[in-house]
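Given next are the chains, with one letter for each unit.
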Amino acid sequence: MTDPLQLLKPHDKDLGGGFLVRRLLPAAQQRSVGPFVFFDHMGPVTEHPEDRHDVRPHPHIGLATVTYLFEGAMMHRDSLGSAQEILPGAINWMTAGRGIVHSERKPERLKDGTFVNHGLQLWVALPREHEEVEPSFVHTPAEAIPALTEQGAAVRVLVGEAFGAKSPVATLSETLYLDIRLPAGGRFELPALAPERAVYPVDGDVRIDGDAVAQHAMAVLPEGRAVVIEADAAVRLVVIGGAPLDGPRFMAWNFVSSRRERIVEAGADWAAQRMGQVPGETEFIPLPDLPAFKAG
C-alpha cells in the first residue's frame with residue numbers, strides 16, 4: 001500500500017483591478033513544500049491597453065521571489081535600481097533579505113498593444129541564518145536554463161539539479177523547480193529528487209501513481225520514493241520542492257520571518273516609508289490594516 005497524495009485546491013485572489021490569480025500555497029493543510037511558502041498561478045489572461053493590472057511598489061523581507069513566465073512580459077523595478085523586463089523562460093530571483101521594494105508593471109513597449117500574460121510567482125523562505133542578508137536581484141535568461149529530453153518529456157531545470165543537469169540559479173538552501181512538458185500518452189517516472197516535492201499541472205489533467213490530479217490542483221508527493229506521472233493529452237506541469245524549512249515561518253502580507261516581532265517591525269518601517277524607494281516611482285501600496293502589524 002502506498003502513501004496517498006495530498007491534493008491542494010486553488011483559491012482565487014484579486015491582486016487589484018480584477019487581476020485574479022490562483023493561489024495554492026500557503027494552504028491550511030500545507031504551509032510549505034521544501035522552502036516554497038507561496039505559489040501563485042496567473043493567467044493565461046489577455047491584457048488590453050485599458051487594463052490596469054500593474055502592481056505598484058511594495059516591500060518584502062525574509063524571502064526570495066521567483067518569477068517565471070510561460071507567455072507575455074512584465075517589467076520589474078526595485079529599490080536597488082534594477083530594471084529588468086521579464087520574458088518567458090527566464091528565472092528572476094529577487095532576494096529580499098533585510099528588505100527590498102519592487103514594482104511589476106506592463107512594459108512600456110506593450111502599453112498600447114494586446115498580449116497574453118501567463119506565469120507563476122513563487123516565494124522561497126530564506127534560511128534563518130540568511131533572513132537578513134543584503135537584498136539582491138538576479139536575472140537568468142531563458143537560454144541559460146538547462147533543457148533536456150527525459151523519458152520522452154521536455155524538461156527545463158529552472159532551479160536545482162535533476163537528470164544530470166544543474167541550473168545556474170544560486171540558492172541559499174536545497175531547492176528544486178522543474179518545468180516539464182509531457183506528450184499525449186506520456187509516462188514519466190519522477191524520482192525522489194528532493195526530500196519534499198509537489199506537482200502542479202498547469203494546463204491539463206494527469207494521473208500520479210494512478211490517482212487523478214486535475215488541472216490547477218497541487219499534488220504533494222510522498223517522501224522518499226519515485227512516482228509515475230501519466231497524461232492522456234499533452235500537458236505542462238511544474239515540480240517544486242527541496243529541503244524542509246528549518247523551523248516555522250510567520251507570514252503577513254508580503255513579509256516572511258521566523259520571528260513574529262520582525263513582521264511588526266517591517267510593517268512599521270513600511271508605514272514610515274523607511275524601506276527604500278523604486279527609482280522613478282511615485283506610487284506605493286499602503287500597509288494593510290492587519291492584526292499582525294500591531295505589537296503586543
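Before reading further, recall that the structure is shown in the block above.
Anyway, here's the lowdown on the structure attached to this text. (Residues numbered from 1 in each chain as written. Predicted model: local features only at pLDDT ≥ 70, side-chain atom pairs only at ≥ 80, totals over all residues. Heavy atoms only, no water.)

Some points on the side chain of Asn92
Here comes step 1: Structurally, Asn92 can be placed in strand 9 (residues 91–95).
Here comes step 2: The class for Asn92 is buried, based on a relative accessible area of 1%.
Here comes step 3: A distance of 2.7 Å separates a polar atom in the side chain of Asn92 from a polar atom in the side chain of His139.
Here comes step 4: In this view, Asn92 contacts Thr65, Val66, Thr67, Gln84, Ile86, Phe137, Val138 and His139; residues no more than four positions away in its chain are not counted. (Helix = DSSP H or I, 4+ residues; strand = E, 2+ residues; numbered from the N terminus. Buried < 20%, exposed > 50% of the residue type's maximum accessible area, 1.4 Å probe, protein only. Polar contact = N/O pair within 3.5 Å; in protein donor to acceptor, adjacent residues only side chain to side chain. Contact = heavy atoms within 4.5 Å.)

Observations concerning the pairing of strand 9
Here comes step 1: With five of five residues buried, strand 9 is to be regarded as a mostly interior element.
Here comes step 2: Burial of strand 9 is two-sided: the residues Ile91, Trp93 and Thr95 facing one way and the residues Asn92 and Met94 facing the other way are all buried.
Here comes step 3: The pairing of strand 6 (residues 63–71) with strand 9 spans four bridges and is antiparallel. Each bridged residue has a counterpart across the sheet, and for Ala64 the counterpart in strand 9 is Thr95.
Here comes step 4: Note that strand 9 and strand 12 (residues 136–140) share five bridges and pair antiparallel. Opposite Asn92, over in strand 12, you have His139 as the bridge partner. (Pairing = 2+ DSSP bridges.)

Brief notes about the nonpolar core
Here comes step 1: With 29 residues, the main nonpolar core has Phe39, Tyr177, Met218 and Ile240 as its most contacted residues.
Here comes step 2: Contacts of Ile240, omitting those with residues within four sequence positions, involve Leu25, Val33, Phe36, Phe39, Leu122, Leu176, Tyr177, Glu196, Arg197, Ala198 and Met218.
Here comes step 3: Ala162, Ala165, Leu190 and Ala231 belong to the second-largest nonpolar core, a separate cluster that totals 26 residues. (Core = buried A, V, L, I, M, F, W, Y, C linked by side-chain atoms within 4.5 Å.)

As for the sheet that holds strand 20 (residues 206–208)
Here comes step 1: Read from one edge of the open sheet, four strands run 18-23-20-21, paired in antiparallel fashion. If you trace the sheet from one side to the other, it starts and ends with strand 18 (187–190) and strand 21 (211–213), each paired once. Neighbour-to-neighbour, the strand axes of the sheet open up by a mean angle of 30 degrees, direction not taken into account. (Axes fitted to C-alpha atoms, helices over the stretch in contact; angles between N-to-C directions.)

Quick notes on unusual backbone geometry
Here comes step 1: Of note, the bond from Leu25 into Pro26 is cis; its omega dihedral lies within 30 degrees of zero at 0 degrees.
Here comes step 2: That bond from Gly43 to Pro44 is cis: its omega, 5 degrees, falls within 30 degrees of zero.
Here comes step 3: Residue Phe163 is not a glycine yet carries a positive backbone phi of 55 degrees.
Here comes step 4: Residue placement: Phe163 occurs in the loop between strand 15 (161–162) and strand 16 (165–166).

Describing the sheet that holds strand 6
Here comes step 1: Overall, antiparallel pairing links the seven strands, which are arranged 2-3-4-11-6-9-12 in an open sheet. Looking at strand neighbours, the two that pair on one side only are strand 2 (11–14) and strand 12, the edges of this open sheet. Strand-to-strand twist in this sheet, taken as the mean axis angle between neighbours without regard to direction, amounts to 20 degrees.
Here comes step 2: Two elements, strand 3 (residues 20–25) and strand 4 (residues 36–47), share four bridges in a ladder whose sense is antiparallel. Among the inter-strand pairings, Arg23 is bridged to a residue of strand 4, identified as Asp40.

Description of the packing of aromatic side chains
Here comes step 1: This structure, assessed with the given rule, holds nine aromatic pairs.
Here comes step 2: Centre to centre, the rings of Phe38 and Trp123 are 4.0 Å apart; their planes meet at 15 degrees, and the pair counts as stacked. Here Phe38 is found in strand 4, whereas its partner Trp123 is found in strand 11 (residues 115–125), with 85 residues between them in sequence. This pair shows no difference in class: Phe38 is buried, exactly as Trp123 is. (Phe/Tyr/Trp six-rings, centres within 6.5 Å; stacked < 30°, edge-to-face > 60°.)

So, the environment of Gly113
Here comes step 1: Residue position: Gly113 is located in the loop between strand 10 (100–105) and strand 11.
Here comes step 2: Residues Gly113 and Glu47, 66 residues apart in the sequence, show an inter-C-alpha distance of 8.1 Å.
Here comes step 3: The residues touching Gly113, leaving out its near neighbours within four places in the chain, are Glu47, His48 and Pro49.

Describing the pattern of salt bridges
Here comes step 1: As enumerated under the stated definition, the model contains 18 salt bridges in all.
Here comes step 2: Ionic pairing is found between Arg23 and Asp40, a salt bridge with its closest N-O pair at 2.7 Å. Taken together, the positions of Arg23 in strand 3 and Asp40 in strand 4 put the pair 17 residues apart, joining distant regions of the chain. By the burial criterion, Arg23 is buried, and Asp40 matches it.
Here comes step 3: Between Arg225 and Asp209 there is a salt bridge, and its shortest N-O distance comes to 2.8 Å. Note that Arg225 is positioned in the loop between strand 22 (218–220) and strand 23 (227–230) and Asp209 in the loop between strand 20 and strand 21, a separation of 16 residues in sequence. (Salt bridge = Lys/Arg side-chain N within 4 Å of Asp/Glu carboxyl O.)

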